[in-house]
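Structural overview
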Amino acid sequence: AVVSTQSTGDTGKDKANILKPVQVRSIRSLYTKMVAVFYELLAEYSSDEKKYENSWEEPLPDDLRFALRFEKRVLEDLKKKMSSMDINALSEIKSYNEPPPIIATVIQVIMLMLGICGESELQEWTKIKSNINADLIKRMAKFDPLSKDQQIDIHKVNDRLKGLTASEVKKGGSMPTFLLYQWIIDVISVLRVGESR
């Protein structure tokens, strides 16, 4: 199905407002997750028994419990994609002696979030590059932002990203870089809701 957000007499403008198939699939996927979480919580209300998925949920009001579960579903879906990522997809990133700024920023943020590199080491591309491997993908796929052990400073992450947007990463990075960027954003989204307690 092709979805148009509005109808005009200008064919060029019409084309600009038509969602691409991949965008339609993405919207459907998000909608499916929202509905699934809604019915989970509805079932709890019907039985008068709240089933907390983790300790982060307990102090949250129902609207934030919904948001937290939804963001976790989005992250889990992305982590499944990452688990099946071919390590060769990262070869382009490793091939740079001096990566483009967008790619460097994304990789630096991931290294910081996972505790692989400290802030003082984030400019050492040679060291960072040595950690771009299959183990990195495994760590990202298993990472739980709500774990008691994680110590991510959202403010430091945001300072590093400097307002970097998804469209900028798509244009100036690569598809593997964009997937890594999505992981960063999804992890931050879960943390932001969780920290609303």
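Residues numbered from 1 in each chain as written. Predicted model: local features only at pLDDT ≥ 70, side-chain atom pairs only at ≥ 80, totals over all residues. Heavy atoms only, no water.

Broken down by element type, the protein chain carries ten helices and zero strands. Seen in sequence order, the protein chain has helices and strands lined up from the N terminus as α-α-α-α-α-α-α-α-α-α. Of the contacts formed within the protein chain by residues at least 6 apart in sequence, a portion of 68% connects residues at least 24 apart. Approximately 11,700 Å² of the protein chain is accessible, and the part contributed by carbon and sulfur atoms is 51%. (Helix = DSSP H or I, 4+ residues; strand = E, 2+ residues; numbered from the N terminus. Contact = heavy atoms within 4.5 Å. Areas by Shrake-Rupley, 256 points an atom, 1.4 Å probe, with all protein chains shown as cover.)

Now for the pattern of salt bridges. Evaluated as defined, the whole model comprises three salt bridges. Measuring nitrogen to oxygen at the nearest pair gives 3.9 Å for the salt bridge that ties Arg160 to Glu119. A residue pair is termed long-range when its members are at least 10 positions apart, and Arg160 in helix α8 (residues 154-161) and Glu119 in the loop between α5 (101-113) and α6 (125-130) qualify at 41 residues. Judged by relative accessible area, which is 22%, Arg160 ranks as partly exposed. Relative accessible area serves as the criterion here: at 38%, Glu119 is assigned to the partly exposed category. The network of salt bridges with common partners includes Glu119, Lys156 and Arg160. (Salt bridge = Lys/Arg side-chain N within 4 Å of Asp/Glu carboxyl O. Buried < 20%, exposed > 50% of the residue type's maximum accessible area, 1.4 Å probe, protein only.)

Here we come to the confidence of the model for the protein chain. Counting all residues, the mean pLDDT for the protein chain is 76, and 69% of those residues have values of 70 or more. In the model of the protein chain, helix α1 (residues 11-16) stands out as the element of lowest mean pLDDT, 51, in contrast to α5, which has the highest, 92. (pLDDT = per-residue confidence, 0-100.)

Let's shift gears to the packing of α5 against α8. Contact geometry of α5 with α8 gives a least axis separation of 9 Å together with a crossing angle of 165°. Relative to α8, the element α5 lies roughly antiparallel. For the pair α5 and α8, the crossing hand works out as right-handed. Together, Thr105, Gln108, Val109, Leu112 and Met113 of α5 and Val157, Arg160 and Leu161 of α8 make up the contact between the two elements. By residue class, the composition of the contact of α5 with α8 is five nonpolar, two polar and one charged. (Axes fitted to C-alpha atoms, helices over the stretch in contact; angles between N-to-C directions. Parallel < 35°, antiparallel > 145°, perpendicular 65-115°, else oblique. Left-handed = near helix turned anticlockwise from the far one by under 90°. Nonpolar A, V, L, I, M, F, W, Y, C, P; charged D, E, K, R; others polar.)

Here the focus is the nonpolar core. Grouped together as the largest cluster of nonpolar side chains are 45 residues, with contacts concentrated most on Ile107, Ile110, Met111, Leu180, Trp183 and Ile184. Tallying contributions element by element places helix α10 (residues 175-194) first for this core, with eleven residues. Contact partners of Leu180, with chain neighbours within four places excluded, come to Met82, Leu90, Ile93, Val106, Ile107, Ile110, Ile137 and Met140. (Core = buried A, V, L, I, M, F, W, Y, C linked by side-chain atoms within 4.5 Å.)

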